[in-house]
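Descriptive structure summary
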Amino acid sequence: MRTIFIHMIMLTLLLPAAATARELSLTLDDAIAMARVQSVDAAVALDELKTAYWQWRSYRADRLPEFSLSGTVPSYSDRYTSYMNEDGEYSFVRTHSLDAQAKLSVNQNITLTGGRISLGTSLDYLRQFDAGGSNRFMSIPVAVTLQQPIFSVNTFKWDSRIEPLRFQEAKAGFLSATERVALSTVHYFFTLVMSRENVSIAEQNLSNANKLYAVAVEKRKMGQISENDLRQMELNVLAATSDLTDCRSQLKSDMFALRSFLDLGEDVEIVPVIPYDVPKATVTYADALNRALANNKFAKNIRRRQLEAEYEVARAKGNMREINLYAQVGFNGTDRRLSDAYRHLRGNQLVEVGFSIPLVDWGKRRGRVKVAESNRRVTESRLRQESLDFNQQLYVLVERFGNQQQQLSIAARADEIAVQRYNTNFETFLIGKISTLDLNDSQSTKDESKRRYINELYQFWNYWYQLRSLTLYDYEHHGDINADIDKLCRM
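Below: a short report on this structure. Only a predicted model underlies this, so the values are computations on that prediction, with no experimental measurement involved. (Residues numbered from 1 in each chain as written. Predicted model: local features only at pLDDT ≥ 70, side-chain atom pairs only at ≥ 80, totals over all residues. Heavy atoms only, no water.)

1. Considerations on the layout of surface pockets
A volume near 350 Å³ is recorded for the largest pocket. Along its surface, the largest pocket is lined by 15 residues, and Arg36, Val37, Phe174, Thr178 and Leu488 are the ones closest to its centre. Those elements giving two or more residues to the lining of the largest pocket turn out to be helix 2 (28–38), helix 3 (40–62) and helix 4 (155–221). Looking at side-chain class alone, the lining of the largest pocket contains 10 nonpolar, 2 polar and 3 charged residues. (1 Å grid on protein atoms, 1.4 Å probe; cavity = no way out; pocket = protein on both sides within 12 Å on 5 of 7 lines; lining within 4 Å. Points joined across faces, edges and corners; volume = space filled by probe spheres on them. Helix = DSSP H or I, 4+ residues; strand = E, 2+ residues; numbered from the N terminus. Nonpolar A, V, L, I, M, F, W, Y, C, P; charged D, E, K, R; others polar.)

Structural data, given as structure tokens:
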């Protein structure tokens, strides 16, 4: 009665904990879809995409007309300032005035030449409180201003070549990052699958070890087996118990890792559904390389870095001399009355050409050009090596993926044979036809065959999503991997 009472108390204590656990049957596809939305890696990839998106928007905005309104409303002054008389003598005079200015302009960068053109209108107002408190107005109804660097590097033109590549690279990088999220999910998912399989194997082995030990005890009583074989059966029970304890501990750890990655609560017990059905695809290296060069961010990254190296050379050469043109054409007028300031107009033209050409700089600017050219050659060498490494990585991946489909079929058949062999040996041992060594060998083979099959499944899905990440192509549905970037960035 005491034992029954203790068991009832323990059951009562354990029931609430069990009731709070929520079992979640999870397929690999569901886990990947969840990770692409909820995981930290997915959030980081999306934030990086948004940063690149708004940089791209800023670049495009620089190519559009900019409307601006500036002014000072008002500026009040009551102080003494220096004043030079006609004879060149300075004196201090009191100024007591109120003035205000306002200017409305439209500015447009010129990509073709690297200059800037502006169309503006302005109005200035001045009221002097001394000398009768007179008002003055000065108007510029319209003025066209051009600022144009000559011989300098055209930054706008280079940006128009580099920035689109940078944004395309960011978009491709985001898509590749989502596939890497899938890769991480595959790792966590199959780690949990292996842990649950190890627990299942350990439970089955312990159950069989207990059955065999019970049979061995009876056989020992009848003198059919030796004391050594009986002790071996007992050792098998102890080893199976210890192995089951370790497997359950590892299962809890791997369960926590996947829950954390998918941002699930600790009350969720994940039951992974093993994805035995795998997609069939024939992938050639030539096809994969063409798709990778068209879709992957690597090709865009290579081209962007080439352009940036060339831009640095062009900028260093442009900085060897500097000539700037400033020109303004328009009308202005001034009067005591606002309406007359717009009626009596005169021409308003200004042309300035400024230059800065070093006569002796001891080779400083020429040295900067040489440094930029050397850096460009270094970049080109690195890019060639990176291209070779990328092609080799893709070639190896395609070969392994093609081989993995065959390895998976072999592992599946080996698992079936090992299970059949163990079941036969188990029944044969019960009737005393084989030794414990033969039985243990078949059990080890069965366990390893199951683990190898799970591992081959993992390798297949790992190669599958690596291939998707590099080519950004879905070989199952035969289409490029894409996403609505504008919608994602505005979420």
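Alright, that's what it looks like, and here's the rest.
2. Description of the pattern of salt bridges
Within this structure, the stated rule accounts for 23 salt bridges. The partner of Arg248 in a salt bridge is Glu203, and the shortest N-O contact between them spans 3.2 Å. Pair noted here: Arg248 is in helix 5 (residues 227–261) and Glu203 is in helix 4, with a separation of 45 residues, a long-range link. Assessed through its relative accessible area of 38%, Glu203 is described here as partly exposed. (Salt bridge = Lys/Arg side-chain N within 4 Å of Asp/Glu carboxyl O. Buried < 20%, exposed > 50% of the residue type's maximum accessible area, 1.4 Å probe, protein only.)

3. Observations regarding a nonpolar patch on the surface
On the surface, Ile117, Leu119, Val142, Val144, Phe331 and Leu345 cluster together into a nonpolar patch covering about 460 Å² of accessible area. Sorting the residues of the nonpolar patch by element identifies strand 4 (116–128) and strand 5 (135–150) as the ones contributing at least two each. For Val144, the location among the structural elements is in strand 5. Judged by relative accessible area, Val144 falls into the partly exposed class, the value being 37%. (Patch = residues over 30% accessible without salt bridge, like charges linked within 9 Å, V, L, I, M, F, W, Y side chains within 5 Å. Areas by Shrake-Rupley, 256 points an atom, 1.4 Å probe, with all protein chains shown as cover.)

4. Overview of the packing of helix 7 (residues 297–318) against helix 9 (residues 364–430)
Contact pair helix 7 / helix 9: the axes reach a minimum separation of 8 Å and the direction vectors enclose 170°. Comparing their axes, helix 9 and helix 7 come out roughly antiparallel. Listed contacts from helix 9 to Phe298, Ile302, Arg305, Gln306, Ala309, Glu310, Glu312, Val313, Ala316 and Lys317 of helix 7 are Arg368, Val369, Ala372, Glu373, Arg376, Thr379, Leu383, Glu386, Ser387 and Phe390. Residue composition of the contact of helix 7 with helix 9, grouped by class: 9 nonpolar, 3 polar and 8 charged. (Axes fitted to C-alpha atoms, helices over the stretch in contact; angles between N-to-C directions. Parallel < 35°, antiparallel > 145°, perpendicular 65-115°, else oblique. Contact = heavy atoms within 4.5 Å.)

5. Some remarks on the nonpolar core
Phe190 and Trp461 are the most contacted members of the largest nonpolar core, which has 61 residues in total. Mapped onto this core, the elements with two or more residues apiece are helix 2, helix 4, helix 5, strand 6 (268–272), helix 6 (285–295), helix 7, helix 9 and helix 10 (436–471). With 13 residues, helix 4 is the largest single contributor of residues to this core. When residues no more than four places from it in sequence are discounted, the contact partners of Phe190 are Leu28, Pro275, Ile454, Leu457, Tyr458 and Trp461. Formed by 14 residues, the second largest nonpolar core is a distinct cluster that contains Ala45, Leu49, Tyr53 and Leu472. (Core = buried A, V, L, I, M, F, W, Y, C linked by side-chain atoms within 4.5 Å.)

6. What to know about the environment of Arg337
With respect to the helices, strands and loops of the structure, Arg337 is situated in the loop between strand 7 (322–335) and helix 8 (338–343). Each C-alpha atom, one on Arg337 and one on Arg136, is 7.0 Å from the other, the two residues being 201 residues apart in sequence.

7. Focus on helix 7
Taking 1.5 Å as the rise per residue, helix 7 with 22 residues should run 32 Å; its terminal C-alpha atoms sit 31 Å apart, in good agreement. Turning to helix 7, its buried residues number three or more, namely Phe298, Lys300, Asn301, Ile302, Arg304, Leu307, Ala309, Tyr311, Val313, Ala316 and Gly318. In this structure, the buried residues of helix 7 make contact with helix 4, helix 6 and helix 9. Where helix 7 begins, the side chain of Asn296 points an oxygen toward the backbone nitrogen of Phe298, at a separation of 2.7 Å. (Expected span 1.5 Å × (residues − 1). Polar contact = N/O pair within 3.5 Å; in protein donor to acceptor, adjacent residues only side chain to side chain.)

8. Structural notes on the pairing of strand 2 (residues 66–84)
Pairing geometry for strand 2 and strand 3 (residues 90–109), over 17 bridges, is antiparallel. Counterpart to Arg79 in the pairing with strand 3 is Thr95. Linking strand 2 to strand 3, which pair antiparallel, is a turn of 5 residues; within it Gly88 sits at a positive phi near 90°. (Pairing = 2+ DSSP bridges.)

9. Digging into the packing of aromatic side chains
In total, this model carries 20 aromatic pairs according to the counting rule given. A network of ring pairs unites the aromatic residues Tyr53, Trp54, Trp56, Tyr59 and Phe167 as a single cluster. Geometry around Tyr422 places Lys446 over its ring, the cationic atom sitting 5.0 Å from the centre. (Phe/Tyr/Trp six-rings, centres within 6.5 Å; stacked < 30°, edge-to-face > 60°. Lys NZ or Arg CZ within 6 Å of the ring centre and 35° of its normal.)

10. Here's the deal with the environment of Glu86
Note on placement: Glu86 falls in the loop between strand 2 and strand 3. Sequence separation between Glu86 and Gln101 is 15 residues; the distance between their C-alpha atoms is 30 Å.

11. What to know about helix 9
End to end, helix 9 covers 92 Å across 67 residues, agreeing with the expected 99 Å (1.5 Å per residue, within 8%). Most pronounced at Gln404, the bend in helix 9 amounts to some 25°. (Bend = angle between axes of the 7 residues up to and from the residue.)

12. Some thoughts on the environment of Asp47
Here Asp47 lies in helix 3. The spatial distance from the C-alpha of Asp47 to the C-alpha of Phe174 is 9.6 Å, given a sequence separation of 127 residues.

13. Observations concerning the pairing of strand 3
Strand direction decides the pairing type here: strand 3 and strand 4, joined by 13 bridges, are antiparallel. Looking at strand 4, one finds that Ser105 is bridged to Gly120.

14. Some words on unusual backbone geometry
Of the consecutive residues Val73 and Pro74, the connecting peptide bond is found in the cis state with omega at -10°. Structurally, Pro74 is set in strand 2. Despite not being glycine, Asp263 shows a phi value in the positive range, around 60°. At His478, a residue that is not glycine, the phi angle is positive and equals roughly 60°. Relative to the helices and strands, His478 resides in the loop between strand 9 (473–474) and strand 10 (479–480).

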